[in-house]
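Residues per chain, in single letters:
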Amino acid sequence: FSFYTAVVIAANGSKEKAEKIMQEMNSYIDRENNLGVNPFKLSISIGYVLTEPDADKSVDDYVDEADALMYDIKNQYHKSHPIG
């Protein structure tokens with residue numbers, strides 16, 4: 001297994017834009033998996049955080065928030081898609 005972490009920083013973001021990007025990334029992964037050319041299934045886990053310019057937080061604080069959301073989303077997915 002290989003795991004990669006990416007951080008995307010976008011100006012003028014909104015919850016709607018973040019969720020649209022998340023949906024587009026998941027759709028891309030689904031399309032790749034449906035091709036059936038890989039001997040494995042790809043998966044992606046995404047979390048995001050919206051920031052306030054005057055907030056007293058570090059980049060690490062924001063990454064931690066996005067990571068926590070990613071795990072919440074991942075846990076919700078696994079609850080609704082049990083294995084076996």
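Right above here is the structure, for reference.
Fair warning: this is a prediction, and the values are worked out from it, not measured in the lab. (Residues numbered from 1 in each chain as written. Predicted model: local features only at pLDDT ≥ 70, side-chain atom pairs only at ≥ 80, totals over all residues. Heavy atoms only, no water.)

**Section: the overall build of the protein**
Then, number 1: Check the secondary structure of the protein and you find two helices and zero strands.
Then, number 2: Taken over the C-alpha trace, the protein has a radius of gyration of 15 Å; the compact-globule value for 84 residues is 12 Å, which it surpasses by more than 25%.
Then, number 3: Of all 84 residues assigned to the protein, the portion counted as buried reaches 11%.
Then, number 4: Across the protein, contacts joining residues at least 24 apart in sequence account for 38% of those joining residues at least 6 apart. (Helix = DSSP H or I, 4+ residues; strand = E, 2+ residues; numbered from the N terminus. Rg over C-alpha atoms; globule rule 2.2 N^0.38 Å. Buried < 20%, exposed > 50% of the residue type's maximum accessible area, 1.4 Å probe, protein only. Contact = heavy atoms within 4.5 Å.)

**Regarding a negative patch on the surface**
Then, number 1: Taken together, the side chains of D56, D60, D61, D64 and D67 present a region of like negative charge at the surface.
Then, number 2: For D67, the location among the structural elements is in helix α2 (residues 59–80).
Then, number 3: Judged by relative accessible area, D67 falls into the partly exposed class, the value being 37%. (Patch = residues over 30% accessible without salt bridge, like charges linked within 9 Å, V, L, I, M, F, W, Y side chains within 5 Å. Areas by Shrake-Rupley, 256 points an atom, 1.4 Å probe, with all protein chains shown as cover. Salt bridge = Lys/Arg side-chain N within 4 Å of Asp/Glu carboxyl O. Lys, Arg positive; Asp, Glu negative; His and termini not counted. Charge placed at Lys NZ, Arg CZ, Asp CG, Glu CD.)

**Observations concerning α2**
Then, number 1: Under the 1.5 Å per step criterion, the end-to-end length of α2 is 32 Å for 22 residues, consistent within 8% with the ideal 32 Å.
Then, number 2: Within α2 the residues assigned to the buried category are Y62, A66 and M70. In an axial view of α2, the angular spread of the buried residues amounts to 75°, which keeps them on one side of the axis. For α2, exposure combined with an orientation more than 90 degrees from the buried face picks out D60, D64 and K79. (Expected span 1.5 Å × (residues − 1). Arc of directions from axis to C-beta.)

**What about a nonpolar patch on the surface?**
Then, number 1: A cluster of nonpolar side chains, namely V7, I9, V59 and V63, defines an oily patch on the protein surface of about 410 Å² accessible area.
Then, number 2: Mapping V59 onto the fold places it in helix α2.

**With respect to the environment of I29**
Then, number 1: Structurally, I29 is set in helix α1 (residues 15–35).
Then, number 2: When its relative accessible area of 13% is taken as the criterion, I29 is described as buried.
Then, number 3: A sequence separation of twelve residues divides I29 from K41, and the C-alpha atoms of the two residues are 8.8 Å apart.
Then, number 4: Once residues within four sequence positions are removed from consideration, I29 is found in contact with L42, S43 and I44.

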